[in-house]
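Secondary and tertiary structure notes
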2 protein chains.
Amino acid sequence: MPREVRERQMLDAAVAAFARHGYQSASMDDIAEAAGVSKPLVYLYLKSKEELFMACVRREVEALVATVREGTRELEAPADRQLWSGLRAFFTHTAARPDGVTVLSRARTQGEPYAQEVFAMRARITDIVRVLLARAAQDAGCDSALAEREVAGLAHALVGAAESLAEWANTTAGEGPSAKETAATLMNFCWTGLDSLMRGERWTPSGR
Amino acid sequence: MPREVRERQMLDAAVAAFARHGYQSASMDDIAEAAGVSKPLVYLYLKSKEELFMACVRREVEALVATVREGTRELEAPADRQLWSGLRAFFTHTAARPDGVTVLSRARTQGEPYAQEVFAMRARITDIVRVLLARAAQDAGCDSALAEREVAGLAHALVGAAESLAEWANTTAGEGPSAKETAATLMNFCWTGLDSLMRGERWTPSGR
């Protein structure tokens, strides 16, 4: 069996084990057994528990970033369709890989090197969203200096909201809302507001 | 000097040191010196570096929850005003206490017991927001079963967005937007959307 296939099996088993038991309690014996390989082979390929966990984190990070990039790729579509398609891809991915979501959430609490990977992922996804929102603002004829600043804030807000919703959906799995519903909730939450923002309408504390 | 005053000085110094240097690098000598007390007194009052850090985390958690509770207390006001007042209180607080924000963000990455405190805080704040949104939905005559489910999602989205914006504003301090601007950005982002959601208007992928 080629090395990359074996390695993928090890990572699959490791993601499941780290998600289920946490970093400390996951056992290298169980991971090797679940992957159908010997423990020395796991150490030969992935060196240590630390490096195995890091490899899991990096794989889940790359898979999630690729999903968002893929989902927002339709460059000819209007910005709201691209955002919709990106959100739906994001929530479909996170609903299909609950263990991956849990590993990324555990990575954030597992100390600096792992947390850094998750922060860097967040920055990459925020940047994709920021560019998309900036294009929407430009299309709507927004003043570009104002738009740039607000659009950066909106991108951070949207990514924080999506992350929070993905973790929430993960804890309510089964009885929880579907990926499509979750994406629609977030889209409803933000799009109309964003749309009026683009048009220069503002919510004010007294003006309603 | 009464014990609680001394303890507050120690916690002030510790929050600043943990925020600036991180948990590992912050030194108990520097914390004692900054607090104007001897190192043995820090250990007498707060026992260990672990417990000192936990005391910092708990203090910042309670201060932030109290701020949100206080900010949303105007029970007679319409829900959007309460939400506005809560968001503004939240961002005023986080802008005034950047070290507190950093400590809470470090706590999430510092291992389970600290991360748990932050997750529990998030759950408490989400609950305050959820009750507020549910009241807004009820006032707008929303079907209550549908509303309950969507409102829980919206509360998670809003809290995730606020958290993400507070951290972003913290990293862009000085040149960044003011607390009021940040609150208005988030309010604009969500309120119009929420409003149409309440009125039964929905964003759909094709229907725009």
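Residues numbered from 1 in each chain as written. Chains lettered and ligands numbered in written order. Predicted model: local features only at pLDDT ≥ 70, side-chain atom pairs only at ≥ 80, totals over all residues. Heavy atoms only, no water.

All right, on to the environment of Phe53(B) then. All names here are of chain B. Here Phe53 is to be found in helix α4 (residues 49-71). Residue classification places Phe53 among the buried residues on the basis of a relative accessible area of 0%. Sequence separation between Phe53 and Val103 is 50 residues, and the spatial gap between their C-alpha atoms is 8.8 Å. Setting aside anything within four residues of it in sequence, one finds Phe53 in contact with Phe18, Tyr23, Val103, Arg106, Ala107, Gln110 and Tyr114. (Helix = DSSP H or I, 4+ residues; strand = E, 2+ residues; numbered from the N terminus. Buried < 20%, exposed > 50% of the residue type's maximum accessible area, 1.4 Å probe, protein only. Contact = heavy atoms within 4.5 Å.)

What follows is about the domain arrangement of chain A. For interface size, the figure often reported is the accessible area lost on association. All names here are of chain A. One can read the domain layout of chain A as domain 1 (1-47) and domain 2 (50-198). If you look at the interface, domain 1 gives 18 residues, while domain 2 gives 15 residues. Note on domain 1 versus domain 2: buried area summed over both sides is about 1400 Å², and carbon and sulfur give 67% of it. Applying the counting criterion to the domain 1 and domain 2 interface returns two salt bridges. (Domains from an automatic or database assignment. Buried area = accessible area lost by both parts, 1.4 Å probe. Salt bridge = Lys/Arg side-chain N within 4 Å of Asp/Glu carboxyl O.)

A separate point is the packing of aromatic side chains. Residue and element names in this part refer to chain A. Within the structure shown, the criterion is met by 12 aromatic pairs over all chains. Summarising the aromatic geometry, the rings of Phe90 and Phe91 are spaced 5.0 Å apart at their centres and angled 85° between planes, so their arrangement reads as edge-to-face. For Phe91, a relative accessible area of 2% corresponds to the buried category. An aromatic cluster is built from Phe18, Tyr23, Phe53 and Tyr114, whose rings are joined through pairwise contacts. (Phe/Tyr/Trp six-rings, centres within 6.5 Å; stacked < 30°, edge-to-face > 60°.)

Before going further, it helps to examine the environment of Arg59(A). Residue and element names in this part refer to chain A. Tracing the chain through its elements places Arg59 in helix α4 (residues 49-71). With 12 residues separating them in the primary sequence, Arg59 and Lys47 have C-alpha atoms 16 Å apart. Here Arg59 is in contact with Arg8, Leu11, Asp12, Val15 and Arg97, once residues within four sequence places are set aside.

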